[in-house]
Amino acid sequence: MTQMLPNIVKVEAQPGYALRVKFRDGGWREIALEGFLARYKSVATLRDAAVFAKAKVIDWGAAAGWPGDVAIGADTLWRLSQEQSVFGPEEFAAWQERVSLSNQECADVLGVALSTIKCYRRKGTTIPDAIAIACRAMENEPMTLAAHFRPRRSGRPKAA
């Protein structure tokens, strides 16, 4: 199955080094870039608010660009928006179903108690960012999940 690459239709610079981006799928996403700008030297010129404010769509929607040939690709912006999206109980339950983990297996792989997993699935619960990051990482990189997954065996353990 081929996945369509993200494509930018419109981009608007926001205060605090954020971009409001409209992707081809029709959705607007607000993307906080302060951390990205602090971590990557190749975009250091964008730390100047006057330069950052000049964001525009370039390369037929393949990137957001600024003066001085500075650009951030649509795929990078899309991924940042995914990582920054809400990860609440509904998203947690959907993730758990997509990766096919029981509540106990989920607790084991995340290193938390079974009661914590049940709490994460309850409406109104705030899921810690570290758990959201771990869940997304395990889904985006299945080898990460495989490295930490220990299947549960049914029945009682054998006596020593």
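Positions within a chain are numbered from 1, following the residues in the order the chain's sequence is written. Local features in this predicted model are restricted to residues of pLDDT 70 or higher, and side-chain atom pairs are both shown and tallied only at a pLDDT of 80 or more, whereas totals for entire chains, interfaces and linings draw on every residue. Just so you know, side-chain values use all the structure's heavy atoms and leave hydrogens and water out.

Engineer: Is there a simple way to explain the sheet that holds strand β6 (residues 70-73) in this structure?
Structural biologist: Hydrogen bonds along the backbone pair up the strands of a sheet, which may run parallel or antiparallel. If you walk across this open sheet you meet the three strands as β4-β5-β6, and the pairing is antiparallel. In this open sheet, the two edge strands, each paired with only one partner strand, are β4 (56-58) and β6. Strand-to-strand twist of the sheet, defined as the mean angle between neighbouring strand axes without regard to direction, takes the value 40°. Across the face of the sheet, helix α3 (residues 74-84) comes into contact with β5 (63-66) and β6 while running at roughly 55° to β6. Strand pairing follows a simple DSSP-based rule, namely that at least 2 bridges must link the two strands. Runs of E in the DSSP output that reach at least two residues are strands. Runs of H or I that reach at least four are helices, and both are numbered from the N terminus. Note on definitions: angles span 0 to 180 degrees between N-to-C directions of axes, and those axes are lines fitted to C-alpha atoms, for helices only across the stretch in contact. Should any heavy atoms of two residues lie within 4.5 Å, those residues are counted as being in contact.

Engineer: Would you take a moment to explain the pairing of strand β3 (residues 28-32) for this structure?
Structural biologist: On a regular strand, one side chain projects to one face of the sheet and the next to the other, so that they alternate. Where strand β2 (residues 18-23) meets β3, five bridges bridge the pair, whose relative direction is antiparallel. Bridge assignment links lysine 22 to a residue of β3, and that residue is tryptophan 28. Remark: four residues form the turn of the hairpin made by β2 and β3, two consecutive strands paired antiparallel; glycine 26 in that turn has positive phi of roughly 95°.

Engineer: Is there a simple way to explain the sheet that holds β3 in this structure?
Structural biologist: Sheet architecture is open: three strands sit in the order β1-β2-β3, paired in antiparallel fashion. Only two strands of the sheet have a single neighbouring strand rather than two, namely β1 (8-14) and β3. Recorded for the sheet is a direction-independent mean angle of 20° between the axes of neighbouring strands. Along the sheet face, α3 touches β1, β2 and β3 and points at about 85° away from the line of β3.

Engineer: What's the story with the packing of helix α4 (residues 89-98) against helix α5 (residues 103-110) in this structure? I'm lost.
Structural biologist: Helix-helix packing is characterised by the crossing angle of the two axes and by the distance between the axes. At a minimum axis distance of 11 Å, the contact between α4 and α5 shows a crossing angle of 100°. Looking at the two axes, α4 sits roughly perpendicular to α5. Contacts from Phe92, Trp95 and Gln96 in α4 reach Asn103, Cys106 and Leu110 in α5. Polar here means any residue outside two lists: the nonpolar Ala, Val, Leu, Ile, Met, Phe, Trp, Tyr, Cys and Pro, and the charged Asp, Glu, Lys and Arg; Gly therefore counts as polar. Classifying every residue of the contact of α4 with α5 by side-chain character gives four nonpolar, two polar and no charged. Roughly parallel refers to an angle under 35 degrees, roughly antiparallel to one over 145, roughly perpendicular to one between 65 and 115, and oblique to any angle outside these ranges.

Engineer: Help me out: how do you make sense of helix α7 (residues 129-140) in this one?
Structural biologist: Each α-helix turn comprises 3.6 residues. Residues three or four places apart therefore point the same way. Multiplying 1.5 Å by the helix residue count minus one yields the expected span of that helix. For α7, with twelve residues, the first-to-last C-alpha span of 16 Å sits near the 16 Å given by 1.5 Å per residue. Along α7, the positions that sit buried rather than exposed are Ile131, Ala132, Cys135, Arg136 and Met138. Viewed along the axis of α7, the buried residues span an arc of 160°, placing them on a single side of the element. Of the residues in α7, the exposed ones pointing more than 90 degrees away from the buried face are Asp129, Ala130 and Ile133. When a residue's accessible area, from a 1.4 Å probe over protein chains only, is under 20% of the maximum for its type it is buried; when over 50% it is exposed; and in between it is partly exposed. This arc corresponds to the set of directions leading from the helix axis out to the C-beta atoms.

Engineer: Would you explain the pairing of β6 in this entry?
Structural biologist: Residues Val70 and Ile72 point to one face of β6 and are all buried, whereas Ala71 and Gly73, pointing to the other face, are not buried. Bridge analysis of β5 against β6 gives four bridges, and the strand direction is antiparallel. When the bridges of β6 are listed, glycine 65 appears paired with alanine 71. Taking the residues between adjacent antiparallel strands as the criterion, β5 and β6 are bridged by three residues, where glycine 68 takes a positive phi near 90°.

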